[in-house]
Amino acid sequence: SGSAPKRVGLVTHHTGVLDIGWTLTLLQSQGHEIVVELLQQSDVRPHLARMRSNKLDIIIVDVAVTLIKPFLEQALQAALLQPQTTLIFTALDFPPLDQLDSISYTDVTMYSFSLVRSPSRDLSSAFTVLHDSLVLFSSAVTEMEERPEPERLNCSDPDTVYSAGVKLLATLTSHDMD
């Protein structure tokens, strides 16, 4: 994009959701300087202190939902949570802010996703996402001019591509749920 290159940190754990290779390639192709930390121990404060000393503008945090709170507690102890730092979390269900009281006084900027439960439904957040995904998918397929035919794909072959995939993806991304 047209913005100036940034110093970007990528903190990852095997529980994360990102394709790390693709993410690194994309960020580097845009001229950003990347610092990567792979978290493997329960005490990650030395890794986070290295991130702090690198004076990064943005840190992408790719860890499971269950590890976000412990990550933030250790980031606070390692003095990583500074007002000039932006954290971007990849997990799809960020913990409620009332569980993160100690973080609220740091003035760190955090971007994340949170699943919001509908008050009219008493469903777990995972079930809600599954339900909404199926509704979106089925309504998008119904909207398509030509219904895609099912195909048997070989998932172990990375070159296997669903022939109607491009049309289906275009329909999904442009579909209006109203």
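Residues numbered from 1 in each chain as written. Predicted model: local features only at pLDDT ≥ 70, side-chain atom pairs only at ≥ 80, totals over all residues. Heavy atoms only, no water.

**Student:** I'm lost on the overall build of the chain in this one. Help?
**Tutor:** Within the chain, the secondary structure is distributed over five helices and five strands. For the chain, the N- to C-terminal ordering of α and β elements is β-α-β-α-β-α-β-β-α-α. Excluding contacts between residues fewer than 6 apart, the proportion of contacts in the chain whose partners are at least 24 apart in sequence is 63%. Looking at the chain as shown, the accessible area adds up to about 11,700 Å², and 56% of this sits on carbon and sulfur atoms. (Helix = DSSP H or I, 4+ residues; strand = E, 2+ residues; numbered from the N terminus. Contact = heavy atoms within 4.5 Å. Areas by Shrake-Rupley, 256 points an atom, 1.4 Å probe, with all protein chains shown as cover.)

**Student:** Explanation requested: the packing of aromatic side chains in the structure shown.
**Tutor:** How two aromatic rings sit relative to each other is given by the distance of their centres and the angle of their planes. Evaluation of the coordinates by the stated rule reveals two aromatic pairs. The interplanar angle of 85° and the centroid separation of 6.1 Å between the aromatic rings of F71 and F89 together place this pair among those described as edge-to-face. Note that F71 is positioned in helix α3 (residues 68-77) and F89 in strand β4 (residues 86-89), a separation of 18 residues in sequence. Of the two residues, F71 and F89, both sit in the buried class. Aromatic ring contacts, followed pair by pair, group F71, F89 and F94 into a single cluster. (Phe/Tyr/Trp six-rings, centres within 6.5 Å; stacked < 30°, edge-to-face > 60°. Buried < 20%, exposed > 50% of the residue type's maximum accessible area, 1.4 Å probe, protein only.)

**Student:** For this particular structure, what's the right way to read the pattern of salt bridges?
**Tutor:** Between side chains of opposite charge, a pair can form as their charged atoms come close. Tallied over the entire structure, the rule returns three salt bridges. Residue D43 pairs with R45 through a salt bridge whose shortest N-O separation is 2.9 Å. Under the relative-accessibility criterion, D43 is labelled partly exposed at 33%. The class for R45 is partly exposed, based on a relative accessible area of 36%. (Salt bridge = Lys/Arg side-chain N within 4 Å of Asp/Glu carboxyl O.)

**Student:** What is the right way to read the layout of surface pockets from this model?
**Tutor:** Where empty space is left becomes clear once a probe the size of a water molecule has been rolled over the atoms. In this structure, the largest pocket occupies an estimated 160 Å³ of space. Counted by class, the lining of the largest pocket contains six nonpolar, five polar and no charged residues. (1 Å grid on protein atoms, 1.4 Å probe; cavity = no way out; pocket = protein on both sides within 12 Å on 5 of 7 lines; lining within 4 Å. Points joined across faces, edges and corners; volume = space filled by probe spheres on them. Nonpolar A, V, L, I, M, F, W, Y, C, P; charged D, E, K, R; others polar.)

**Student:** I tried to follow the sheet that holds β4 on my own but got confused; where do I start?
**Tutor:** Judged by pairing direction, the sheet is parallel, and its five strands sit side by side in the order β2-β1-β3-β4-β5 without closing on themselves. Only two strands of the sheet have a single neighbouring strand rather than two, namely β2 (33-38) and β5 (109-111). Each strand of the sheet is rotated relative to its neighbour by a mean of 20°, with strand direction disregarded. Bridging between strand β1 (residues 7-12) and β2 involves six bridges; their strand directions are parallel. Within β2, the residue paired with V8 across the bridge is I34. Packed on one face of the sheet, α3 meets β1, β3 (58-62), β4 and β5 and runs near 165° to β4. (Pairing = 2+ DSSP bridges. Axes fitted to C-alpha atoms, helices over the stretch in contact; angles between N-to-C directions.)

**Student:** Would you mind showing me how to read the pairing of β4 here?
**Tutor:** Looking along a regular strand, one sees side chains alternate from face to face of the sheet. Here β3 pairs with β4 via four bridges, running parallel. Note that in β4 the partner of V61 across the bridge is F89. For the crossover that starts at β3, traverses α3 and ends in the parallel β4, the hand is right-handed. Both β4 and β5 contribute to a ladder of three bridges, which runs parallel. (Right-handed = clockwise from strand over helix to strand, strands pointing away.)

**Student:** What exactly am I supposed to notice about unusual backbone geometry here?
**Tutor:** With the exception of glycine, most residues fall at negative phi, and the peptide bonds are largely trans. The phi angle at A79 is positive, at roughly 60°, despite the residue not being glycine. Structurally, the position occupied by A79 is in the loop between α3 and β4. Positive phi is not limited to glycine here, since D107 has a value of about 65°. A relative accessible area of 55% places D107 in the exposed class.

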